Amino acid sequence: MAFQVFSEGMVLRDSGLRLEKLLGRGGQAEVWRCADLRIPGRTVAAKLLAVPMVERSRTSFKQERHRMEREIEHNARVIHDNVVRIYSPIAEILDNDFLVTGFVMELSPWGDSTATLDIRQRSFQGTLSQYMRDSMPFALNFLVQLARGLRAIQQHDLVHSDIKPANILCFPMDGPPYVRLKLTDFGMTTLAGEPSDGAYGGTPPYMPPEQAGGEGVSSCIQRKPRRSIARVRRGT
């Protein structure tokens, strides 16, 4: 059950954030654009999960909190130009009613790879897919960027498990190809060799056969990156 706790203008005092705009929802968590009240002029993104204090011991909420903590741990391991950076965790009590957990991360001014990009250096406005069709060298560069991000994740014995257009954020660059791609959302990331209970997350059109067939993360860690890139390329 999701609770509508957050709203525009709300201040998370312990975290020093003012919520400005809802960017998206997934499961029971929400992603907000926020003003960082501790660093004037800085805008960040925050992924937030609110749990009622009276129900925080329920198994379902414990699982959501554990998943959030694991996402923070896994994402923080990977420091790479093509992986979204986490700044700090969030943990505070809101009005004595809700336990808020989550984390602060860098904000993309454009959004994910399905959003409209405004690339002034090329006088271009459109989606990443349209931009890739406009320039083959740039298209190849973007595929290399994704491969590097996935490789960095794999080098930490992690399988992202949910590579899709919505989990690829676009950031402006000063020089060609003028767009930097960064992988985000480690919510379903698993460790290679991690014991499985038989349940697998992910988005079906972008899942490798090993993952969809329940073979586990160990069997697909070597083969998943190139299949993920191929599926994302077709889906953008």
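That block above? That's the structure.
Predicted model, so just to flag it, every value in this text is computed and none were measured. (Residues numbered from 1 in each chain as written. Predicted model: local features only at pLDDT ≥ 70, side-chain atom pairs only at ≥ 80, totals over all residues. Heavy atoms only, no water.)

Asker: Which parts of the structure should I look at to understand the nonpolar core?
Answerer: The nonpolar side chains of a soluble globular protein tend to be buried with one another. Judged by nonpolar contacts, the single largest core of 25 residues is most densely connected at Ile-119, Tyr-131, Phe-142, Val-179 and Leu-181. For this core, the secondary-structure elements that each account for two or more residues are strand S8 (117-119), helix H2 (128-134), helix H3 (136-154), strand S11 (168-172) and strand S12 (179-183). With 7 residues, H3 is the single largest residue contributor to this core. Those residues in contact with Val-179 that lie beyond four places of it in its chain are Trp-110, Leu-117, Ile-119, Tyr-131, Phe-142, Gln-145, Cys-170, Phe-171 and Met-173. Counting 17 residues, the second-largest nonpolar core is a separate cluster that includes Phe-6, Leu-19, Val-44 and Leu-48. (Core = buried A, V, L, I, M, F, W, Y, C linked by side-chain atoms within 4.5 Å. Buried < 20%, exposed > 50% of the residue type's maximum accessible area, 1.4 Å probe, protein only. Helix = DSSP H or I, 4+ residues; strand = E, 2+ residues; numbered from the N terminus. Contact = heavy atoms within 4.5 Å.)

Asker: Which parts of the structure should I look at to understand the environment of Ala-166?
Answerer: Topologically, Ala-166 is positioned in the loop between strand S10 (158-159) and S11. Ala-166 sits 51 residues away from Ala-115 along the chain, and the two C-alpha atoms are 9.1 Å apart.

Asker: Quick question: what am I supposed to make of the sheet that holds strand S6 (residues 98-105) here?
Answerer: In a beta sheet, neighbouring strands pair by backbone hydrogen bonds and run either parallel or antiparallel. Spatially, 6 strands are ordered S1-S2-S3-S4-S6-S5 in an open sheet, and the strand pairing comes out antiparallel. Where the open sheet ends on each side, the last strands, each with one partner, are strand S1 (11-12) and strand S5 (86-94). The pairing of S5 with S6 spans 8 bridges and is classified as antiparallel. Looking at S6, one finds that Leu-94 is bridged to Phe-98. (Pairing = 2+ DSSP bridges.)

Asker: Even after reading the chapter, I still don't get the environment of Ala-139, so can you show me in this structure?
Answerer: Mapped onto the elements of the fold, Ala-139 is located in helix H3. For the pair Ala-139 and Leu-128, spaced 11 residues apart in sequence, the C-alpha separation works out to 9.1 Å.

Asker: Mind showing me how you'd approach the sheet that holds S12 here?
Answerer: Strand order in this open sheet of 3 strands is S7-S11-S12, and the pairing throughout is antiparallel. Strands with a single pairing partner mark the edges of an open sheet, and in this sheet they are strand S7 (111-112) and S12. Looking at chain direction, S11 and S12 are connected through 5 bridges and run antiparallel. Looking at S12, one finds that Leu-169 is bridged to Lys-182. Packing against the sheet, H3 makes contact with S11 and S12, and its axis sits at approximately 30° to S12. (Axes fitted to C-alpha atoms, helices over the stretch in contact; angles between N-to-C directions.)

Asker: I tried to follow H3 on my own but got confused; where do I start?
Answerer: Because an α-helix packs 3.6 residues into every turn, residues spaced three or four apart end up facing the same way. A rise of 1.5 Å per residue sets the reference length of H3, with its 19 residues, at 27 Å; its end C-alpha atoms lie 27 Å apart and thus fit the reference within 8%. Those residues of H3 lying buried are Phe-138, Ala-139, Phe-142, Gln-145, Leu-146, Gly-149, Leu-150, Ala-152, Ile-153 and Gln-154. (Expected span 1.5 Å × (residues − 1).)

Asker: Explain the environment of Ile-168 here, please?
Answerer: Checked against the element boundaries, Ile-168 lands in strand S11. For Ile-168, a relative accessible area of 1% corresponds to the buried category.

Function cannot be inferred from these measures alone, as they are strictly geometric.
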